[in-house]
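# Structural features, examined
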Amino acid sequence: MPSCRICKTNYDPFLSFGNMPIANGFLTKEQFDAEYFFELQVGFCPECKMVQIVNQPNREMMFHENYAFYSSTSQNMKLHFKQFAETVMKKYLPSEKSFVVELGSNDGIMLKNFASAGHKHLGIEPSANVAKAAIENGVNTICEFFDEDLAHKIVNEYGQADAFLGANVMCHIPYLHSIVEGIKLLLKPEGIVMFEDPYLGDVIEKTSYDQIYDEHAFLFSVHSIQYLFNMHNMELVDVEPQETHGGSMRYIIGHKEKRSVSSNVQKYLEKEKNLGIGSIGTYYMFKNNCEKFKHDLVNLLNDIKKDGKSIAGYAATSKSTTIINYCGITADQLDYICDTTPIKQNKFSPGAHIPVKAYENFSNSYPDYALLFAYNHMEEIMKKETRFVDQGGKWILYVPEVKVLQ
Ligand code: SAH
Ligand code: TMP
Ligand code: ZN
């Protein structure tokens, strides 16, 4: 039996998606034979309520100098992080000398707002290619994995931080105790921690099982985050739901007893109880829903192909790796997947080896159907793809249910 990464309680995994490749491991033909696979299993800890994957590939296999995810490919996310930064500056950074640190700062999408406002800032980003893009954008970045040791070095070199931020990165890190100890060291006594990640509540409610892949070691909830930070004598003081990435939660944390605790914390703890996030039955139900979604999607794609129609995937997201490989989707069903990220183009998707092509392949010659893998960017994409729909193209969606958009 595996033991929980947070509280060491033994637990039974409730679901296996089978063998999975590295979700962002887009590859060339020459690399097919050496492709790495691991079993993607998920478990729930009955003690601290943390949902976690059982085995995670080594961090260097996922985060390196060819990391395929560039945060700034979405205009809406740029706006989201601008607003995030403005909130932090207004509420928590009294002067330009206030120091802000961001974990997993990627290409600088959030920190560039602090840089241009003249704030002392530092990004910590181990993937060298995206870190380089940030530095070229005028964002101070160190290319390292954050942990307790690095926190010591940062304090010695730069001093303690007024704000410690993270987005879609805390849930990527299996060694969270070292991270939280590092945050504790780095944060001034009155400092604030704010981070957001895809929210377990949304994943359960929408059966968005594609949020489960190698990089996501955890699916957080208010329960599990409160438990984790309590273990380190830190306090969850507020939570704010976000619409990003199909439903996320922002957690606001301080040193113990330094701030008043918002009633939101209790409100979401109650909501989570009502949703059943603390009982294993909920996860068995989730498992059944995943199987049903798989069945529905495969049948829909096969029916469309029987009619002799073409289907392309829209956006080669990391999330799509779970969908494609769990559902057994191949190049027989999807002619190609288009994506605007240059580093993904002219490569093949992880596991199923579906060709990934430049966006222009889609816009120059529309398929009959497009399977929307980036449903979290739906608003932005629908706005720019009106021509596809006007000339008869149809969208296939799979969250919160499998359907053809009419
Ligand atoms: N914050 C950005 C990027 C999220 S992707 C956004 O929301 O769009 C996750 C990022 O975390 C990757 O760029 C990855 O390289 C980085 N990362 C992974 N492990 C890390 C660690 N231990 N310390 C700092 N960054 C890490
Ligand atoms: P994400 O869902 O993890 O944010 O990844 C988004 C992916 O979708 C990324 O590879 C870029 C791609 N993308 C497009 O191809 N077109 C778009 O319009 C948007 C918003 C994203
Ligand atoms: Zn636990």
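Residues numbered from 1 in each chain as written. Chains lettered and ligands numbered in written order. Predicted model: local features only at pLDDT ≥ 70, side-chain atom pairs only at ≥ 80, totals over all residues. Heavy atoms only, no water.

## Focus on the site of ligand 2
Note the cut-off: A molecule or strand has a residue near it when one of that residue's heavy atoms lies within 4 Å. Nitrogen and oxygen atoms within 3.5 Å of one another constitute a polar contact, given that in protein one can donate a hydrogen and the other can accept it, and given that sequence-neighbouring residues count only through two side-chain atoms. The protein chains shown are the only cover counted for residues, whose accessible areas, like all others here, come from Shrake-Rupley with a 1.4 Å probe. A helix here means a DSSP run of H or I that spans at least four residues, while a strand means a run of E at least two residues long, and both kinds are numbered starting from the N terminus.
With respect to spatial proximity, 15 residues lie near ligand 2, and among them K319, D339, K344, H377 and K384 are the closest. Measuring from an oxygen atom of ligand 2, one finds a side-chain N or O atom of D339 at 2.7 Å. When ligand 2 sits alone it has 490 Å² of accessible area, and the protein chains cover 96% of it. If you tally residues by element for the shell around ligand 2, the top one is helix 13 (residues 378-384), at 3 residues.

## Considerations on the sheet that holds strand 8 (residues 187-198)
Note the cut-off: Any two strands with at least two DSSP bridges between them are considered paired. By the convention used here, residues are in contact when the closest approach between their heavy atoms is within 4.5 Å. Here the axes come from fitting lines to C-alpha atoms, over the contacting stretch only for helices, and the angles between their N-to-C directions go from 0 to 180 degrees.
Within the open sheet, the 7 strands sit side by side as 6-5-4-7-8-11-10. Their pairing is mixed. In this open sheet, the two edge strands, each paired with only one partner strand, are strand 6 (141-142) and strand 10 (234-242). When strand 7 (residues 161-167) meets strand 8, the two strands line up parallel, connected through 6 bridges. The partner of F164 across the bridge, within strand 8, is V193. Of the strands in this sheet, strand 4 (99-103), strand 5 (120-124) and strand 6 are in contact with helix 5 (residues 148-158), which crosses strand 5 at around 155°. With respect to the sheet, helix 8 (residues 222-231) is in contact with strand 8, strand 10 and strand 11 (248-255), its orientation differing from that of strand 10 by roughly 155°.

## Describing the pairing of strand 16 (residues 369-372)
Test applied: Relative accessibility under 20% of the residue-type maximum defines a buried residue, over 50% an exposed one, and the middle range a partly exposed one, all with a 1.4 Å probe and only protein chains included.
Residues of strand 16 alternate between two faces, with Y369 and L371 on one and A370 and L372 on the opposite face, all of them buried. Across 3 bridges, the pairing between strand 16 and strand 17 (residues 394-397) is parallel. Its bridge partner being in strand 17, Y369 is matched across the sheet by K394.

## Points about the coordination of the zinc ion (ligand 3)
Here is the rule we go by: Because no water is among the atoms considered, metal sites can look incomplete, with donors defined as N, O and S atoms within 2.8 Å of the metal, or 3.2 Å for Na, K and Ca. Just to be clear on the cut-offs, tetrahedral is four donors with all angles between 85 and 135 degrees, square planar is four donors and octahedral six with opposite donors over 155 degrees apart and all others between 65 and 115, and anything else goes down as irregular.
Bound to the zinc ion (ligand 3) on the protein side are C4 (SG), C7 (SG), C45 (SG) and C48 (SG), at distances that span 2.3 Å. Between the 4 donor atoms coordinating the zinc ion (ligand 3), the angles at the centre fall across 98 to 118°, so the site counts as tetrahedral. Between consecutive donor residues of the zinc ion (ligand 3), the sequence gaps follow C-x2-C-x37-C-x2-C. With a gap of 44 residues between them, C4 in the segment before strand 1 (13-21) and C48 in the loop between strand 2 (37-44) and strand 3 (51-53) connect regions that are remote in the sequence. In this structure C4 comes out as buried when scored by relative accessible area, which is 1%. For C48, a relative accessible area of 1% gives the class buried.

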